[in-house]
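Chain by chain, the residues run as shown.
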Amino acid sequence: MEILKLNPVFKDYIWGGNRLKDDFGFDTGFDKTAEGWMLACHKDGMNTVCGGKYDGMRLDEVIEKEGLEKLGGKSCLKFPYFPVLIKLIDAFDNLSIQVHPDDEYARRVENEFGKTEMWYVLDAADGAELIYGFKEKISKEEFKNAIKNNTLLDRLNRVKVKKGDLFFIEAGTVHAIGKGALIAEIQQNSNCTYRVYDYGRLGADGKPRELHVEKAVDVSVCEPPKYDINPLGDEVRHGGYISQALAKCDLFTVDRYKVSESASLNADENSFNHILVIDGCGEIDGKAAKKGDSFLVPAGYGEYVLSGNIEALITKI
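Predicted model only: the values in this text are computed from it and were never measured.

The next point concerns the overall build of the protein chain. Secondary structure summary: the protein chain contains seven helices and 23 strands in total. Its C-alpha radius of gyration of 19 Å places the protein chain within 12% of the 20 Å reference for a compact globule of 317 residues. Projected onto its principal axes, the C-alpha positions of the protein chain cover 60 × 40 × 35 Å. A burial count over the protein chain gives 53% of its 317 residues as buried. Here the analysis covers contacts within the protein chain between residues at least 6 apart in sequence; of these, 73% occur between residues at least 24 apart. The centroid of the 41 positive side-chain charges in the protein chain is displaced by 2 Å from the centroid of its 52 negative side-chain charges.

Here's what the structure looks like:
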């Protein structure tokens, strides 16, 4: 199979801004854009293919035609669904404080999958913060009372952020992206979110947005995060590029490549490689690539080359 270039799916949630248009050059179709779904095979968002043999086809149609193993690789077969969803997130305003369930709870209650995710900070305004777990361990009852008494913000762990920070957010971690942060998010292929607190904002219908307090209390781990905010590995210099391991778990592996000349990589039979270009421009096996482009290299494709002056996040299973 050939390398697939993917068209993003855009979301216009109320906290979004203009950076996906201004910084990445996307024509999103919205006045304000919150998210670009860069690798999406989900009922709430589905990429289409741009150019080549599969031009205009939905990603799920390509999978149905070619088979999940041929496109995604042997590692994908342990999942009953395409395993990852990858986004660009522009937080012009604060996102709601929220939590995601694990697989067991999500399957039992929502007929959906759980959601563990990773955030890589692409840029951050001065003073930008994220909420990441609790300051100290509290009971479920204390958590519920803090929501009821409007003191939840006092109990949560606020972290100042800068470009290059890495957050690994297991299911059950209470979290929120703060205004001024531009994030690349790699997550389980799920859209199951329980909103805990939303700053009293109104939705498009003029009513307060729905909260999911009981479910949030059920699934939350009410303690400080157990991971720091550094990438998994240090930068490693090679001839013509720099590589860095960002995160690795049973659900996904993410590495960053900053290419000044060229880098030879490999998509073996076990997993696809997803390439999200986060800066610069160049080529991917002869295909022109620029900031914001999204490419899916099929499993078993073998060696491919990134060339030019290009920085990318590469995700595989």
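Within the element layout of this structure, Thr253 appears in strand S18 (residues 253-259). Ignoring anything within four residues of it in the chain, the contact list for Thr253 reads Ala247, Lys248, Ile314, Thr315 and Lys316.

So, on to the nonpolar core. Ranked by size, the top nonpolar core spans 43 residues in total, and within it Leu39, Leu88 and Met118 carry the most contacts. Sequence-distant contacts of Leu39, that is, excluding residues within four places in its chain, are made with Leu6, Asn47, Leu59, Phe82, Val84, Leu85, Ile86, Phe272, His274 and Leu296. In terms of nonpolar packing, the next biggest core, distinct from the first, is built from 20 residues, Ile131, Phe134, Val196 and Val219 among them.

Approximately 390 Å³ is the volume attributed to the largest pocket. As for the largest pocket, its lining consists of 21 residues, and the residues nearest its centre are Tyr13, Glu35, Gln98, Asn191 and Thr193. Broken down by secondary-structure element, the contributors of at least two residues to the lining of the largest pocket are strand S7 (84-91), strand S9 (117-124) and strand S13 (175-177). Taken together, the residues of the lining of the largest pocket sort by class into six nonpolar, seven polar and eight charged.

Our next topic: the sheet that holds S9. The sheet built from six strands is open, its strands ordered S2-S3-S7-S14-S9-S12 with antiparallel pairing. What marks the edges here is a single partner per strand, and that holds for strand S2 (9-11) and strand S12 (166-169). Taken pair by pair, the neighbouring strands of this sheet meet at an average axis angle of 20°, ignoring direction. Sheet topology note: the S2/strand S3 (residues 35-39) ladder contains three bridges and is antiparallel. Its bridge partner lying in S3, Val9 is registered against Trp37.

What follows covers unusual backbone geometry. Note: most peptide bonds trans; most residues except glycine with negative phi. The backbone phi angle of Asn150 is positive, close to 60°, even though this residue is not glycine. Along the chain, Asn150 falls in the loop between helix H5 (140-148) and helix H6 (152-155). The class of Asn150 is exposed, set by a relative accessible area of 53%. Positive phi, close to 50°, is recorded for Asp285, a residue that is not glycine. Note that Asp285 resides in the loop between strand S20 (273-284) and strand S21 (287-290). When its relative accessible area of 34% is taken as the criterion, Asp285 is described as partly exposed.

Okay, the packing of aromatic side chains next. For the structure on display, the rule yields 14 aromatic pairs. For the ring pair Tyr105 and Tyr194, a centre distance of 6.2 Å and an interplane angle of 80° mean the geometry is edge-to-face. With Tyr105 in helix H4 (residues 103-110) and Tyr194 in strand S15 (residues 194-197), this pair connects stretches of sequence that are 89 residues apart. By the burial criterion, Tyr105 is buried, and Tyr194 matches it. By way of ring pairs, the aromatic residues Phe10, Phe24 and Phe26 are connected into one cluster. For Lys11, the ring lying beneath its charged end belongs to Trp37, and the centroid distance is 4.6 Å. Above the face of the Phe24 ring, Lys291 is positioned so that its terminal group lies 4.9 Å from the ring centre.

Thresholds, definitions, all that
- Residues numbered from 1 in each chain as written.
- Predicted model: local features only at pLDDT ≥ 70, side-chain atom pairs only at ≥ 80, totals over all residues.
- Heavy atoms only, no water.
- Helix = DSSP H or I, 4+ residues; strand = E, 2+ residues; numbered from the N terminus.
- Rg over C-alpha atoms; globule rule 2.2 N^0.38 Å.
- Buried < 20%, exposed > 50% of the residue type's maximum accessible area, 1.4 Å probe, protein only.
- Contact = heavy atoms within 4.5 Å.
- Lys, Arg positive; Asp, Glu negative; His and termini not counted.
- Charge placed at Lys NZ, Arg CZ, Asp CG, Glu CD.
- Core = buried A, V, L, I, M, F, W, Y, C linked by side-chain atoms within 4.5 Å.
- 1 Å grid on protein atoms, 1.4 Å probe; cavity = no way out; pocket = protein on both sides within 12 Å on 5 of 7 lines; lining within 4 Å.
- Points joined across faces, edges and corners; volume = space filled by probe spheres on them.
- Nonpolar A, V, L, I, M, F, W, Y, C, P; charged D, E, K, R; others polar.
- Pairing = 2+ DSSP bridges.
- Axes fitted to C-alpha atoms, helices over the stretch in contact; angles between N-to-C directions.
- Phe/Tyr/Trp six-rings, centres within 6.5 Å; stacked < 30°, edge-to-face > 60°.
- Lys NZ or Arg CZ within 6 Å of the ring centre and 35° of its normal.

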